Amino acid sequence: MYHMLCIFIGKLLIFIGKICRRGSSLPGGIILKINHKILSYFRLPKTVIAVTGSSGKGSISSLIAKVLEQEGYAVAHNKVGSNLTPGILTLLLQHSTLSGKLKCDILVYEIDERYAKYVFDSITPNYVVISNISRDQPPRQGHFDLVYEEIKKAITSTMHLILNADDPYLQKFVIGAKNPITYYSVSKNKYSYTKNKFMNLNLNYCPNCNHKLEYTYYNFENIGSYHCTNCQFQKSKSDYTITKVDYTNATITINDNYKIQLPYIILYDVYNTLAAFTITSILNLQNEKICQTLSDVHKNEKLFDVFEIDNRIVTVLNNKNENSSTFNQSLLYINRFKEEKTIVIGWKEISRRYQFDDLSWLYDIDFELLNQNKVHKFICIGIHRYDIATRLKYAGIAEKDIVVFEQIKESIPYIQKKTKGNIYAVLNFDYVEPFKKEMRGESK
């Protein structure tokens, strides 16, 4: 009866939180203090899917949930992104009876890579999608090897792993493991390259024998087609492969047969979409219907938006601070377009969750790529505007081409009247909507 009382209190806290518009993880945090074993009392549905990794887990889990819901399944999903233990518990409280039985057909949850070891014992997934492991939030995460070890502790042989075959680091989960594994991959395409563009690769050496890896091609950083010349380690054969990327029409084709329409072609979104397709296909949903749903629900203007102001195209790319990999992908995207342009970079804060002002990740970003572009002006905005400007100067950008502003609002007249070309804004989520409103003249 004690755990039923805890669940009742948790549900009451969720109700009060909705009225007060408080955070999504607070009820779970309070109940964990009352009963730290409460997670073990919940009765789970037959299918439980966990998504983890350094980046992309929110997008992947959201796409999975939307596909399943479209097929008529009742899905419990932490769509607001509270992915630590309190947030997971709040999700369960929302979707359970007082006895702890989950009122859903499938549970889909994204989980912070450092917290899987605390959750998987009780909320054990049948399927685990691991998006990637890369440099992310260095002060909190430390080295990515530590992140790998934390995830590894949580995985048991009963869990079906869904892995990106193009990422050699994820192959470390396979060495000596007995898990069922399904791989997905993106084949060589128009913007693949054969000479390494990035010096900050997360893995240069074979995880099996520590000899340097060789690549047939790269899609991005250390993502591509690789093999070791000293042992048998190589890219695994993919079960689900994007065999064609049509950049003109913004479509991807999987296994030469299944086509998905995207609002844009940017690499992290391509991989996220493929991961969602892979897991839902494994669940025996019809591939054609999966493609239709992913084509229909895919657009997320909070992550990527394009609009026109005064005959200039404005592209807004949301980038997670303290993660150079997503930032680098945005730069590769901008690098495709050879016309004269203006680039805006900025954020209000490094992190809402942690009181860190670490900027080391700025030096893992290859701003040097932008030297290949016709950039009229670089606009640096926010609390670390001078740090961004300094990093651009180290990348060889001329000081006369760099302009700094403390606030978005004061930058807009300059951007609109004194810069040239289309505008590309690479912003953290805290600046995305304010920037768009100011550009459109919608702010109060």
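The preceding data block contains the structure.
My aim in this report is to walk through the structure given alongside it, one point at a time.

Comments concerning the overall build of the protein chain
For the protein chain, the helix and strand inventory stands at 13 helices and 17 strands. Here the C-alpha radius of gyration of the protein chain, 22 Å, is about what a compact globule of 444 residues would show, namely 22 Å. Based on the C-alpha atoms only, the size of the protein chain along its principal axes is roughly 70 × 60 × 40 Å. Buried residues in the protein chain amount to 59% of all 444 residues. When contacts within the protein chain are restricted to residue pairs at least 6 apart in sequence, long-range pairs at least 24 apart make up 69% of them. In the structure as shown, the protein chain presents an accessible area of about 19800 Å², 49% of it carried by carbon and sulfur atoms. With 55 positive and 43 negative side-chain charges, the protein chain shows a separation of 3 Å between the mean positions of the two kinds.

Points about the pattern of salt bridges
Applying the stated criterion across every chain yields a total of 11 salt bridges. Measuring nitrogen to oxygen at the nearest pair gives 3.3 Å for the salt bridge that ties Arg 440 to Asp 305. Taken as a pair, Arg 440 in helix 13 (residues 429-440) and Asp 305 in strand 12 (residues 304-309) lie far apart in primary sequence, 135 residues in all. Residue Asp 305 is classed as buried on the basis of its relative accessible area, which comes to 3%. With its nearest N and O atoms 3.2 Å apart, the salt bridge here joins Asp 401 to Lys 400. Three or more residues are tied together by salt bridges with common partners; here these are Arg 114, Lys 117, Glu 150 and Lys 153.

Describing the packing of helix 8 (residues 267-282) against helix 9 (residues 287-297)
Put simply, helix 8 and helix 9 touch, their axes get as near as 10 Å, and they point 145° apart. In this structure, the crossing between helix 8 and helix 9 has a hand that is right-handed. Across from Thr 273, Ala 276, Phe 277, Thr 280 and Ser 281 in helix 8, the residues of helix 9 making contact are Asn 287, Ile 290, Cys 291 and Leu 294. Looking at the contact of helix 8 with helix 9 residue by residue, the class counts come to 5 nonpolar, 4 polar and no charged.

A closer look at the sheet that holds strand 3 (residues 106-110)
The 9 strands are arranged 2-3-1-4-5-6-9-10-11 in an open sheet whose pairing can be described as mixed. Edge positions in the sheet fall to strand 2 (75-77) and strand 11 (258-261), since each of these pairs with one other strand and no more. Along the sheet, successive strands turn relative to each other by an average axial angle of 20°, direction set aside. Two strands pair when backbone bridges link them, and strand 9 (residues 240-246) and strand 10 (residues 251-254) are joined in this way by 4 bridges, in the antiparallel orientation. In the sheet register, Val 245 faces strand 10, and the bridge partner there is Ile 252.

Rules of the game
Residues numbered from 1 in each chain as written. Predicted model: local features only at pLDDT ≥ 70, side-chain atom pairs only at ≥ 80, totals over all residues. Heavy atoms only, no water. Helix = DSSP H or I, 4+ residues; strand = E, 2+ residues; numbered from the N terminus. Rg over C-alpha atoms; globule rule 2.2 N^0.38 Å. Buried < 20%, exposed > 50% of the residue type's maximum accessible area, 1.4 Å probe, protein only. Contact = heavy atoms within 4.5 Å. Areas by Shrake-Rupley, 256 points an atom, 1.4 Å probe, with all protein chains shown as cover. Lys, Arg positive; Asp, Glu negative; His and termini not counted. Charge placed at Lys NZ, Arg CZ, Asp CG, Glu CD. Salt bridge = Lys/Arg side-chain N within 4 Å of Asp/Glu carboxyl O. Axes fitted to C-alpha atoms, helices over the stretch in contact; angles between N-to-C directions. Left-handed = near helix turned anticlockwise from the far one by under 90°. Nonpolar A, V, L, I, M, F, W, Y, C, P; charged D, E, K, R; others polar. Pairing = 2+ DSSP bridges.

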